Structure formats: structure tokens, C-alpha cells
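# Notes for the structure review
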Amino acid sequence: MSPTRTATGTAGTGTAAEVELMIGGMTCASCAARIEKKLNRMDGVEATVNYATEKAKVSYRGEDVAVEDLIATVEATGYTATPPAPAPLQTDTDTPETPDPADAELRPLRQRLTTAVILSVPVIAMAMIPALQFDYWQWLSLTLAAPVVTYAAWPFHRAAWTNARHGAATMDTLISVGTSAAFLWSLWALFFGTAGMPGMTHPFELTIARTDGAGNIYLEAAAGVTAFILAGRYFEARSKRKAGAALRALLELGAKEVTVLRDGGEVTVPTAQLQTGDRFLVRPGEKIATDGTVVEGSSAIDASMLTGESVPVEVTAGDPVTGATLNAGGRLVVEATRVGADTQLARMARMVEDAQNGKAAAQRLADKISAVFVPVVIALALATLGFWLGNGAGLTAAFTAAVAVLIIACPCALGLATPTALMVGTGRGAQLGILIKGPEVLESTRRADTIVLDKTGTVTTGRMTLLTTHTANGADQSEVLRLAGALEHASEHPIAQAVATGAAEQVGTLPTPEDFANIPGLGVQGIVEGHAVLVGRTKLLAEWEIHLPEDLERAKAAAEAAGRTAIAVAWDGQARAVLEVADAVKDTSPEAIRRLRALGLTPLLLTGDNKAVADAVAKEVGIDPEHVIADVMPEDKVDVVKKLQAEGRSVAMVGDGVNDAAALAQADLGLAMGTGTDAAIEAGDLTLVRGDLRAAADAIRLARRTLTTIRVNLFWAFAYNVAALPLAAAGLLNPMIAGAAMAFSSVFVVGNSLRLRGFKAV
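Bear in mind that the values here come from a model prediction, so they are computed numbers and not experimental data.

### Let's talk about the packing of helix α4 (residues 137-152) against helix α5 (residues 154-165)
Geometrically, a packed helix pair is captured by the angle between its two axes and the distance between the axes. Between α4 and α5, the shortest axis-to-axis distance is 5 Å and the interhelical angle comes to 45°. Taken together, the axis directions place α4 and α5 in an arrangement best described as oblique. Note on element contacts: α5 touches α4 through Trp154, Pro155 and His157, opposite Val149, Thr150, Tyr151 and Ala152. Taken together, the residues that form the contact of α4 with α5 break down as 5 nonpolar, 2 polar and no charged.

### Some details on the packing of aromatic side chains
Applying the stated rule across the entire model yields 5 aromatic pairs. Between the aromatic rings of Trp139 and Phe191, the centroid separation amounts to 5.2 Å while the plane-to-plane angle is 80°, which identifies the pairing as edge-to-face. Of the two residues, Trp139 is situated in helix α4 and Phe191 in helix α6 (residues 171-191); the sequence distance between them amounts to 52 residues. Taking the relative accessible area as the measure of exposure, Phe191 reaches 52% and is therefore exposed. A ring pair is formed by Phe387 and Trp388, whose centres lie 5.3 Å apart and whose planes are at 80°; its orientation type is edge-to-face. Residue Phe387 is classed as partly exposed on the basis of its relative accessible area of 48%. Under the relative-accessibility criterion, Trp388 is labelled buried at 12%.

### Quick look at the side chain of Thr290
In this structure, Thr290 sits in the loop between β7 (279-282) and β8 (291-296). Relative accessible area serves as the criterion here: at 3%, Thr290 is assigned to the buried category. A polar contact of 2.5 Å, which involves the side chain of Thr290, links it to the backbone oxygen of Arg338. Setting aside its immediate chain neighbours within four residues, Thr290 contacts Leu274, Phe280, Val321, Thr322, Gly323, Ala336, Arg338, Val339 and Thr343.

### Quick word on the environment of Lys37
Within the fold, Lys37 resides in helix α1 (residues 29-40). Spatially, the C-alpha atoms of Lys37 and Ala47 are 8.3 Å apart, while their sequence positions differ by 10 residues.

### As for the sheet that holds strand β3 (residues 55-61)
Spatially, 4 strands are ordered β2-β3-β1-β4 in an open sheet, and the strand pairing comes out antiparallel. Among the strands making up the open sheet, the edge pair consists of β2 (45-50) and β4 (80-82). Sheet twist, expressed as the mean angle between neighbouring strand axes with direction ignored, is 25°. Here strand β1 (residues 16-24) runs beside β4; their pairing, made up of 3 bridges, is antiparallel. Counterpart to Met22 in the pairing with β4 is Thr82. Here helix α2 (residues 67-76) sits on the sheet and contacts β1, β2, β3 and β4; the angle it forms with β1, its principal contact strand, is near 35°.

### Quick word on a nonpolar patch on the surface
A cluster of nonpolar side chains, Trp188, Phe191 and Phe192, forms an exposed patch at the surface whose accessible area comes to about 370 Å². Looking at the secondary structure, you find Phe192 in the loop between α6 and α7 (219-240).

### Some thoughts on the pattern of salt bridges
Any two side chains of opposite charge can pair, given that their charged atoms come close. This model, assessed by the stated rule, comprises 19 salt bridges. Note that Lys556 is salt-bridged to Glu560, the shortest N-O span being 3.2 Å. Separated by 4 residues within a single helix, Lys556 and Glu560 lie in helix α19 (residues 550-561), roughly one turn from each other. The residue Glu591 makes a salt bridge to Arg594 at a minimum N-O spacing of 2.8 Å. Of the two residues, Glu591 and Arg594 are both situated in helix α20 (residues 589-598); the distance of 3 residues between them amounts to about one turn of the helix. In this structure, a network of salt bridges that share partners links the residues Glu266, Arg283 and Glu286.

Reading the values: the criteria
Residues numbered from 1 in each chain as written. Predicted model: local features only at pLDDT ≥ 70, side-chain atom pairs only at ≥ 80, totals over all residues. Heavy atoms only, no water. Axes fitted to C-alpha atoms, helices over the stretch in contact; angles between N-to-C directions. Helix = DSSP H or I, 4+ residues; strand = E, 2+ residues; numbered from the N terminus. Parallel < 35°, antiparallel > 145°, perpendicular 65-115°, else oblique. Contact = heavy atoms within 4.5 Å. Nonpolar A, V, L, I, M, F, W, Y, C, P; charged D, E, K, R; others polar. Phe/Tyr/Trp six-rings, centres within 6.5 Å; stacked < 30°, edge-to-face > 60°. Buried < 20%, exposed > 50% of the residue type's maximum accessible area, 1.4 Å probe, protein only. Polar contact = N/O pair within 3.5 Å; in protein donor to acceptor, adjacent residues only side chain to side chain. Pairing = 2+ DSSP bridges. Patch = residues over 30% accessible without salt bridge, like charges linked within 9 Å, V, L, I, M, F, W, Y side chains within 5 Å. Areas by Shrake-Rupley, 256 points an atom, 1.4 Å probe, with all protein chains shown as cover. Salt bridge = Lys/Arg side-chain N within 4 Å of Asp/Glu carboxyl O.

This is the structure:
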């Protein structure tokens, strides 16, 4: 499947078309908003640009616009745009792994951060500790700070220039202007002022006094701000690396190789070489290579990863099967009906991609404030310069005050506000079995008012379990379990294995059958300890003229009404018992539902199982009957989430299967069970490692607490700047006060973030 989807219509045909472009050069959410705005101004174009995935999804009319025009518009805005390279649905296992583009982006950022940290630490130490200020220390500071302000800070300068060309201002503008002003003023003071004289020191004095600035250098501010902001960008970029991992997990889910029947023989080939009409062999325990129709054999297919249906589906000749599902029973020969991008797996991958790209990119609060804050600060610096020149303070004093405004306005703590809280919050979450993917997730947890719960593997264990044994005709329960368990142990069917496992847990070692036969679609029969035993559907017993007595018939009807699978057991010509097998509810699920309600969330149960099963599970865990949605396919799950969102709800979704991946991506907040599939985990925003639904409540509480911490951090990161601006404009700010204010702000932000380490699960 190719992630690039363009309609066949071209310019002049009048055909609507769609394309996805890889966008390069974005440094913040406001970059995405600017590109989106430019694209949407084009005639017949509707575009959504996602900063997290670095993609633009564009719909356009072929008669008016070509893909080249879209790319040209993005490039004219100051960024790059290219159609993504096609990615095959299946890959040969021997194909060398291609490098991750995200790694190529992260590597230079890591190099710049390492350079900035190594060189900035001694610069800051010499500026803040008078004992380290030896003769000519200021020139060593210049030598160390120059690579930081030029090489390490280059992405900020480049982005600021791009923004300036388009009349915009972001955090990059503020960082570039502030660090450049600090560095250039320091150069002037060193070469033309008195700062370069031997023995010059920055005394440790927290006094407010006006100075002409000729002896002041601000190299520690320039280097420190660069290092702090780069650290924030690096940790943010690390969280973005997995933006496309959901698609990769889906694409890798299918079988890599397949045994094709050709010229009367068996040939193993890569799945990508399958053609429509090919016949291929699927042995027990193997994945079905692609969508097709069974032409020979019968088996039980475990499709729970795709459909959410916990009970295996019996298939025989003529029945359709889906690629990537598991053959849990006998040998099958399947004729391929859909391959490559047409398969259900490929369509689900496209659904995940569409849902991810459809999410509005979260505007970072810092960028929103910067859009106003940066122009105001620059205007204030110019006004300060003009005021002091007009009042005869002299050129040096006027420039000192103006530069002080720019320096104090560059909030180094802002670079720590989000990443430190996120690092501490995510670290504490990891200790509790909760993985948070990035800052965009946190806002969704605050708004969520509805939580949609997948049943299989989320509310329930996701595996068939022997629940109850009903006996009749004087049969002993232990004997029933020993004989039935022995016979079922010889079968590969998942329900049979549930019976065998449950029997072994209750009665211990099971005997070995003296004779065994599997009756496809009906059950098993054989000889155990001299008894002729039948285990399976009542139809199997009827073939031997055995019928259930009235009490077992009632037990069977009650079990099926509750959505459970009823299995009849008979030996020596008499029906002895009915076994109930079902996907058992997790012990912790009822408590989890209560905790989610306490957080103000309305729980809904969503499942591919039938209504009877869903209602029984909902009743057991405490979900209202009107909030149960059953018999849904993967496409329906996405539609349910979209419908709830259309009603104005903010939807959280908890799931664990491939069938949940698209819905997890579509939801405002996706919580994936860590015991589920990689595709679901990567599509989710939060991962619950323990597989315990109670962790969902803890995850939402932790995410909300982390968001609150980030907002407090951002407030103080700006507050100290705003409070110090009047002092800077008045010319009363010396370098020591500026450094102390910067240090206090950073220490406060880090200390406030560390409070998250005390978060406890309920």
C-alpha cells in the first residue's frame, strides 16, 4: 500500500483528487498553521497540515490545480514539500532495514544540543561565580559561546529569518533576536567598551543601579538560552519520532511469506508476489497471507485481532477469509481474491492514516503567546532606545537598556517548561505502567467527557475461559472435567483449549485419549479411560441419538442467552454435562468503570461481539444498557467515534486490537492496552502497559496533573520576564540580576515539575 493517494484525474479533467505531502522545515505548530492557511487560499483546495506527523493532506480540483502547484505554494511559504515514497504492504524478511527519516532529523539536533551543553556550562559558571573569573576569563567565554550562538542556535536563526520574510513572529524569532542581541552587545563591550580589559569581573551583587553597559557582557545568557531551548526541542523531537509507527505496525502485521500451490507443487514466495487467483496453503498456526476464499479444508479462524470477535470463526470450502488472521485449526487451501492495497488490512492502515492526519495539530501555548509577545518586546526595545536617546542619556546607556529588554525577554525557562514536566510526568507514568506520547495528548485528557471501551482484551481478558460446569444424570463434576478435558486437550481449537486448560486447573493431570477424532464444525469424539466420549455441539450428540435432559437444556439456553458458548458432554450413550465457555470479564474492570465515572467520563461499551454477549458484559461491569454498541466492524468503530464527536463530545477510546487502531487514532484521546497489538499501541496517545483498565483512570489523572504543571511552568516562565521588563527598560538591570532571574525561573520550573514524582495511583 502506498501512503500517497492521488486521484487519476489530472489538470483539465475536472476530477477531484487527493494527495499527501511530506512537509519539511516546520519548527512549531504555527508553521503548520501558516502552510495550511496558504494552501487553503488556493482555488479549489482544502488542506490540513499536521505538525506532529509533518504531513499535509490536500484535496483539490484537477482542472484548477496540479500537485506541482501545491508544492510550489509550500516552498514559496518557506518550507519544503514532497510526495512520500510508496511503501509496499508486505516486505521480504531479508530486505535490509531502511533508515528511519526521523533518526536523520534527530541526529543533527542531538549534535547541536551536545555542543551547546558542553560549551555553555563553563560560560555560565564563569559568569556566575566570581572565583572563576581569572584574567581574560571573558575572552575564554567568548571563545566557548561563539559556536553555541552560531552553530548550535542556527535552526532558530534560520527559522526566524523565514518567519520574518513572511511577516510572522514565533518563539524562534524571540530566541534568535534575544541570543543575537546578547552576543553582539558582548562583542561590542569586549572590543569597544571596557569589558575586554584584564581583571574585569562580574561582582556577585544583586543591586539595582544604572550603568552605561560598556563593561557588561551577556555571553552566559546567549549560550544558556540556546542550550535550554535546544534541550526542550530535542525531547519534543524524540516524542515525534513515533508519529508514523502505527502505520508501520499495521503493515508489518501480515504474513511475510506464503506457500503457493503451483504446477502440482508447493513453492514458498514473499507475500508481496501473490497475485489474484493464486491458491496458497495455510497450515495450523500460520497467518493467512491475504484476503481470499477457502477452496479446500475446514478450520477455526482467530480473527480477534482484526474484528474484535472473541469466538473463533468456523470456515470451510466457499467461506471468505481475511489476510493477517490466524488459522487456529486444520489445513486450508485459499484462493486469493484481494492483494496488496485492496486487502482489508491495507484499508485499515489507510483508515489509521486518515484519522491521524485529520487531527487538528495542537497549537503550543508558547507559540500563541509569542505571536503577541515577540512584536511587543521588539517594539518596547525600540521605544526604550528612543526614549533614552531623547533624554540625553547617551548612545551607550540607551543601547544598554534596549539590549537588556531583549535579553530579559528571552525566557530560557520556557524551553524547560514543557519538556521537564513531560519528562517527570512520563517517567512517573512509566513506573506506574502508563506511557504518555507527547504534550499534545495532555489537552485531550482535560477535555474528554466520554470514554469508549472496546470489550475484547480491554474490559475482558481477551481469551476464552471455562466458567461454569452444569452436570446431570448423577455425573461427578471432576469426572466430567477429566474426561472432557482429556479429549479437548487433543484438539487445537481455541474453545477446546479453554476447556482443557480449565479442566487441568481444577482436576490436575488429564488422562491421554485412547482414540480421538475431530468432527469439523461439531466437536470431538474419542475413547477416554474406556468411555466413548462426545464433546461439542448438541448436533454432534444428536447424531448418536443422545439428547440433553431438561435441566441441561435449560442451562444451555441460559448460557447462550448470556452470550456464552455452551458445550455438551456425553459418554456411554448419555448426556452428562453442559460447559459454559466465554471471554471472562477482568476482575478489575468494574472498579475501573467506577473510577472513570468519578473523573466525569461517561463509559460506552463497543464490541464486535453480538448484543447478548455485550449486554452481559456491560451488566457485570456496571455500564448502562443504552451505552452498549454491539455487532460493529472496524469501519463502524471509527464511525461511532466520529458520530460522538459530531454531537460535541470529546471522546477517549480504550482498545487493544488492530481493529481498534483506526478508532484510537480518530478519538480525541486514544488509550491502548499494552497487552494488545503493536498497531493499537502505536495508534494510541497513551499506552497502559499493565493491561489493567484501572490504569486508564490513573493515566487520565496523571495526564491532567502534568498539563496543569506545564501551564503553571509556562505562566512563571513568562511572568518573571514581564516583571523584569520595566527594570530593563529603566536601565536598572545589571548582568548579575539578569542571570539570577534566569536561574530562579529555571530552578522554579524544574522544581515544580519534580513535584509530579509524588503522583500516586489510587
